[in-house]
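# Working through the structure, step by step
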Amino acid sequence: MRPLIASIRLENLRHNYLLAKQMAGGPTLAVIKANAYGHGALRCAQALADVADGFAVACLEEAVQLREGGVSLPIVLLEGVFEAAELAAVEAHDLWCVVQSPQQLDMVLQANPAKPYTVWLKMDSGMHRAGFFPQDYAAAHCKLMASGKVSKIVKMSHFARADEPQLSATHAQLEAFDSVCRYLPGEESIANSAGILCHERAHRQWNRAGIMLYGASPLPAGFEQGAALKPVMRLTSRVFGVRELAAGEPVGYGASFVAERPTRVGLIACGYADGYPRLASTGSPVAIDGVRSRVIGRVSMDMMTVDLTDLPQAGIGSEVELWGDTVHINEVAAQAGTISYEVLCNVKRAHFQYH
Ligand SMILES: *Cc1c(COP(=O)(O)O)cnc(C)c1O
């Protein structure tokens, strides 16, 4: 078997969820969209079933997969529905649905549900991606309330810059939200992970924890609020080839790395087709039998090369942690010029092992 393993530590997931809920001070959805950020949505939902208040996914397809797997807790569709016909499935599967546009509002107003919907009505409080502008929000809220088609409306919004805690942008969004919503009845939901970690004023009746569940802080290095989170995924492979190169010899495609000294190169079964970011090439950290070293040369589709020069004990069969406990996912993401979310979502072809 190809030795690339994504170990998913479900105990750490539970720990992180409970920490998120404790920090948020109230009910918290576990956001498991995009296959639980690459960790396996059904397995994660099952592991959280007895502690979570509910789940959030992007779309109907993701929710149905959970329902068919036996998940019975509330599930919110964060993008809402894409066509009116999906509302029948929303009803059949007892899902909660975001309404974030006039088109989605009309679909709900024109539907004839046997049992009224629970709607999460989204305000665009400043991110300018989805939702009703503050000045249009109360009218949308009133139309839904008056329609008889909904039994409950949760007022929601989403932050654009909560991961930059020093900025005033998040306060401006909160102001925009509260200035309208304080006059409207019902529960509210604003905080994502960064909101839970950094913005107490954003903690409301419902909170939405995503990346922090998986043990990665959304905050820049230096912010300690996420220090107690435990990484859920540990991605490991093994050395399956070793060669010694003289100084001056290149390694890999494009000869982007040239040995400056006699160099011992380890070959690893992991590449960008597995989701390891190609942009995180020479210099990206790895841990070999627990000792930190680095990628050298370009990451290729199925393989990559690491520096074993200072690790004389390491050789064929040595374990290489791509990220997990010694190498933090945020370090790898930074090397690739991206964020942990994208790197985690991209993991594939690895053997997933759940503990
Ligand atoms: C993905 C998402 C979240 C979770 O965000 P994190 O930064 O991963 O915590 C929360 N709310 C909405 C609307 C989302 O789309």
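Residues numbered from 1 in each chain as written. Predicted model: local features only at pLDDT ≥ 70, side-chain atom pairs only at ≥ 80, totals over all residues. Heavy atoms only, no water.

## A closer look at the overall build of the chain
Broken down by element type, the chain carries eleven helices and 18 strands. In terms of principal-axis extent, the alpha carbons of the chain reach across some 75 × 45 × 35 Å. When burial is assessed residue by residue, the chain has 54% of its 355 residues classed as buried. A separation of at least 24 residues holds for 65% of the contacts in the chain among residues at least 6 apart in sequence. As presented, the chain carries roughly 15000 Å² of accessible surface, and 53% of it is formed by carbon and sulfur atoms. Across the chain, 31 positive and 35 negative side-chain charges occur, with their mean positions spaced 1 Å apart. (Helix = DSSP H or I, 4+ residues; strand = E, 2+ residues; numbered from the N terminus. Buried < 20%, exposed > 50% of the residue type's maximum accessible area, 1.4 Å probe, protein only. Contact = heavy atoms within 4.5 Å. Areas by Shrake-Rupley, 256 points an atom, 1.4 Å probe, with all protein chains shown as cover. Lys, Arg positive; Asp, Glu negative; His and termini not counted. Charge placed at Lys NZ, Arg CZ, Asp CG, Glu CD.)

## With respect to helix H7 (residues 134–147)
Counted at 1.5 Å a residue, the expected span for H7 with its 14 residues is 20 Å, and the 21 Å between its end C-alpha atoms agrees. Buried within H7 we find Tyr137, Ala140, His141 and Leu144. All buried residues of H7 lie within an arc of 105° about the axis, which places them on one face of the element. Facing away from the buried side of H7 by more than 90 degrees, the exposed set consists of Gln135 and Ala146. Along its buried surface, H7 packs onto helix H6 (102–110), strand E6 (117–123), strand E7 (150–157) and helix H8 (169–181). Of the residues flanking the end of H7, it is Gly148, one or two places downstream, whose phi is positive at about 75°. (Expected span 1.5 Å × (residues − 1). Arc of directions from axis to C-beta.)

## Observations regarding the pattern of salt bridges
Two side chains carrying opposite charge are able to pair once their charged atoms lie near each other. In this structure the tally under the stated criterion is 22 salt bridges. A salt bridge links Asp53 to Lys21; the shortest N-O distance between them is 3.0 Å. Separated by 32 residues along the polypeptide, Asp53 in the loop between helix H3 (41–48) and strand E3 (55–57) and Lys21 in helix H1 (residues 10–24) bring together distant segments of the chain. The closest approach of N and O atoms between Arg204 and Asp178, which form a salt bridge, is 2.7 Å. One end of the pair, Arg204, is in the loop between helix H9 (193–198) and strand E9 (207–209); the other, Asp178, is in helix H8, with 26 residues separating them in the sequence. One continuous salt-bridge network, built from bridges that share partners, spans Arg9, Arg234, Glu319, Glu321 and Asp325. (Salt bridge = Lys/Arg side-chain N within 4 Å of Asp/Glu carboxyl O.)

## Brief notes about the packing of aromatic side chains
On inspection of all chains with the given rule, the structure shows seven aromatic pairs. Geometrically, the ring pair formed by Tyr37 and Tyr341 is tilted, given 5.9 Å between the ring centres and 35° between the ring planes. Taken as a pair, Tyr37 in helix H2 (residues 33–38) and Tyr341 in helix H11 (residues 340–345) lie far apart in primary sequence, 304 residues in all. Classification of Tyr37 as buried rests on a relative accessible area of 5%. Residue classification places Tyr341 among the partly exposed positions, given a relative accessible area of 28%. With a centroid separation of 6.1 Å and an interplanar angle of 20°, the aromatic rings of Tyr276 and Trp323 are classed as stacked. (Phe/Tyr/Trp six-rings, centres within 6.5 Å; stacked < 30°, edge-to-face > 60°.)

## Regarding the pairing of E7
Most of E7 is tucked away: six of the eight residues are buried. Sheet analysis places E6 next to E7, joined by seven bridges and oriented parallel. By the bridge assignment, Lys122 is partnered in E7 with Met156. In this region the chain leaves E6, passes through H7 and returns to the parallel neighbour E7; the handedness of that crossover is right-handed. Pairing between E7 and strand E8 (residues 188–189): two bridges, direction parallel. Looking at E8, one finds that Met156 is bridged to Ser189. (Pairing = 2+ DSSP bridges. Right-handed = clockwise from strand over helix to strand, strands pointing away.)

## Looking at the UniProt feature "binding site: substrate" (unreviewed entry) in the chain
Here, the residues flagged by UniProt with the feature "binding site: substrate" (unreviewed entry) are Arg129 and Met301. In terms of the greatest pairwise C-alpha distance, the residues named above, spread along 173 residues, do not form a single cluster, extending to 34.0 Å across. You can see Arg129 is positioned in the loop between E6 and H7. Given the relative accessible area of 57%, Arg129 is considered exposed. In this structure, Arg129 is in contact with Lys122, Asp124 and His158, ignoring residues within four places of it in sequence. With respect to the helices and strands, Met301 occurs in the loop between strand E15 (291–294) and strand E16 (303–307). Look past the residues within four positions of Met301 in its chain and what remains in contact with it is Gly271, Tyr272, Ala273, Asp274 and Arg349. (UniProt positions renumbered as here; feature names shortened; annotations may be inferred.)

## A word on the UniProt feature "domain: Alanine racemase C-terminal" (unreviewed entry) in the chain
Residues annotated in UniProt with the feature "domain: Alanine racemase C-terminal" (unreviewed entry) correspond here to residues 232–355. Taken end to end, residues 232–355 has its terminal C-alpha atoms 10 Å apart, with 10% of it in helix and 37% in strand.

## Topic: the domain arrangement of the chain
Partitioning the chain into domains gives domain 1 (10–214) and domain 2 (233–354). Here domain 1 and domain 2 have C-alpha centroids that lie 37 Å from each other. Facing the nine residues of domain 1 at the interface are seven residues of domain 2. Roughly 800 Å² of surface becomes buried between domain 1 and domain 2 when both sides are summed, with 68% attributable to carbon and sulfur atoms. Sorting the residues of domain 1 by area buried against domain 2 places Tyr37, His39 and Ile211 first, and these three jointly supply 55% of that buried surface. (Domains from an automatic or database assignment. Buried area = accessible area lost by both parts, 1.4 Å probe.)

## Let's talk about the site of the ligand
Near the ligand you find Val31, Lys33, Tyr37, Leu78, His158, Asn192, Ser193, Arg208, Gly210, Ile211 and Tyr341, and these make up its full shell. The contact in question runs from an oxygen atom of the ligand to an N or O atom on the side chain of Lys33, over 2.7 Å. Between the ligand and His158, the relevant distance is 3.5 Å, taken from a nitrogen atom to a side-chain nitrogen or oxygen of the residue. If the ligand stood free it would expose 390 Å²; the protein chains cover 92% of that surface. Classifying every residue of the shell around the ligand by side-chain character gives five nonpolar, four polar and two charged. (Near = heavy atom within 4 Å. Polar contact = N/O pair within 3.5 Å; in protein donor to acceptor, adjacent residues only side chain to side chain. Nonpolar A, V, L, I, M, F, W, Y, C, P; charged D, E, K, R; others polar.)

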